[in-house]
Amino acid sequence: MSISPARKVIFDTDPGVDDAMALYYALAHTGIEMVGITTTFGNVSVHQAATNALYLTAIANRNIPVTQGVKTPWFKPGEAPPDFIHGADGLGNLPSRHATTNQIDPRSSAQFIVDMARAHPGEITLVAVGPLGNLAAALMLEPELPRLVQEVIIMGGTILEPGNVSPVAEANIWNDPHAADKVFTAGWKLTMVGLDVTHQVIVSVALIQKIADQHHHPATDTLVHAVKFYADFYSGIYPHVAKIYGCFGHDVLAFIYLTNPGLFSVQSGRIRVATEGIAQGQTMMNRRESVTYPQIGWGDTPDTLVCMQVQSDAVLHVFESTLMGPWLEKE
Ligand code: BDR
Ligand code: CA
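The structure presented is a predicted model; accordingly, all values stated were derived computationally and were not measured.

Caption draft 1: Spotlight on the coordination of the calcium ion (ligand 2). Protein coordination at the calcium ion (ligand 2): the donors are D14 (OD), D19 (OD), D19 (OD), V129 (O) and D251 (OD), at 2.4 to 2.8 Å from the metal. Each donor residue of the calcium ion (ligand 2) lies on the same chain, and together they follow the pattern D-x4-D-x109-V-x121-D. Remark: D251 occurs in helix α13 (residues 250-259) and V129 occurs in the loop between β4 (124-128) and α5 (133-141); sequence separation between them is 122 residues. Given the relative accessible area of 1%, V129 is considered buried.

Caption draft 2: Seen up close, the site of ligand 1. Around ligand 1, the structure places D18, D19, N43, H86, V129, M155, N164, E170, A171, N172, H250 and D251. Between ligand 1 and V129 there is a distance of 2.9 Å, counted from an oxygen atom to a backbone nitrogen or oxygen. Considering ligand 1 on its own, with 280 Å² of exposed area, one finds that the protein chains cover 96% of that surface. If you list the elements that add at least two residues to the shell around ligand 1, you get α1 (17-28), α7 (171-175) and α13.

Caption draft 3: Inspection of the packing of aromatic side chains at higher detail. If you walk through the whole model with that rule in mind, you get 11 aromatic pairs. For the ring pair Y234 and F248, a centre distance of 5.0 Å and an interplane angle of 70° mean the geometry is edge-to-face. Of this pair, Y234 sits in helix α11 (residues 218-237) while F248 sits in strand β8 (residues 246-248), placing them 14 residues apart in sequence. Taking the relative accessible area as the measure of exposure, Y234 reaches 7% and is therefore buried. Chaining the aromatic ring pairs together yields one cluster made of F84, Y230, F233, Y234, Y238 and F248. Between the NZ or CZ atom of R97 and the centre of the ring of Y55, over which it lies, the distance is 4.9 Å.

Caption draft 4: Geometry of the sheet that holds β4. The mixed open sheet is built from 9 strands, whose spatial order is β3-β2-β1-β4-β5-β6-β11-β9-β10. Two strands lie at the open edges of the sheet, namely β3 (66-68) and β10 (283-286), each paired on one side alone. Adjacent strand axes in the sheet meet at a mean angle of 30° when their direction is disregarded. In this structure, strand β1 (residues 7-13) lies alongside β4, joined through 5 bridges in parallel fashion. Along β4, the bridge assignment pairs K8 with I124.

Procedures and definitions
Residues numbered from 1 in each chain as written. Chains lettered and ligands numbered in written order. Predicted model: local features only at pLDDT ≥ 70, side-chain atom pairs only at ≥ 80, totals over all residues. Heavy atoms only, no water. Donors = N, O, S within 2.8 Å, 3.2 Å for Na, K, Ca; no water. Helix = DSSP H or I, 4+ residues; strand = E, 2+ residues; numbered from the N terminus. Buried < 20%, exposed > 50% of the residue type's maximum accessible area, 1.4 Å probe, protein only. Near = heavy atom within 4 Å. Polar contact = N/O pair within 3.5 Å; in protein donor to acceptor, adjacent residues only side chain to side chain. Areas by Shrake-Rupley, 256 points an atom, 1.4 Å probe, with all protein chains shown as cover. Phe/Tyr/Trp six-rings, centres within 6.5 Å; stacked < 30°, edge-to-face > 60°. Lys NZ or Arg CZ within 6 Å of the ring centre and 35° of its normal. Pairing = 2+ DSSP bridges. Axes fitted to C-alpha atoms, helices over the stretch in contact; angles between N-to-C directions.

Below, the structure written as structure tokens:
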């Protein structure tokens, strides 16, 4: 299925293995025009994230602007990147890299987002799959941003599913809860693709291998290496994932929501983020819209659309058929 005309997307990301899967899904999809990649700290340092974004696009024969963004959370101290999940290099510790020449765009990620939104009012979709500091910084640079972008889709947070870095917090929100709260209260068209749905979709190593066997290309070979490392982590902690030898598709689902929203069941409600204390990073949703709670901070919060259920087999089919298509030039 294609979106017509192709949607202009800025991909805000911290690649990261599932970020790499998401990037390649988006590049393979004819309904998406990726107009820039803005990077952030998260799975790796922001420098490594930008290096990876440049590398992944270069080996896929694309030259898309890549910027470097925030290095640390807005207020809380930064933490060591999770090298046990994504590898020290974010791509499963690649044994070597091909020589590439793509260069970084010198603007900050926030400035790039603002420049693009002003240049294409109402046309840019932000798909953000890392900690949300770049979006928060862009909102501070341009308070009109919510009216300049078409929509925002984030991978992050959780409502009913347990957290993945604390009993209640998902990693991207945990990594910068103050930025996330600013994003949830900004007043743009916002959709949250969180663990409620990403934990329902397991991408197998066998599927990524099948895609690589189809293309015989450095880009998909790189993906196989990275996904194996990532799958070892997830298979090590979740027996049902080990059975398939795979991993959660997290960031991919943000793009599949963009291309195939009908595969998701959504609920609308106000979301705030706990910024301090034991619940830090929790995405709290008012699921009783008819009730007016008295606490400060709920009354004027705009609604977020939250993905609660997903048709996982259909998602995997869309992912596979898109990536099996002719999106890579023959080497
Ligand atoms: C999210 O955290 C990161 O590790 C992944 O790339 C994804 O964006 C999942 O909680
Ligand atoms: Ca990510």
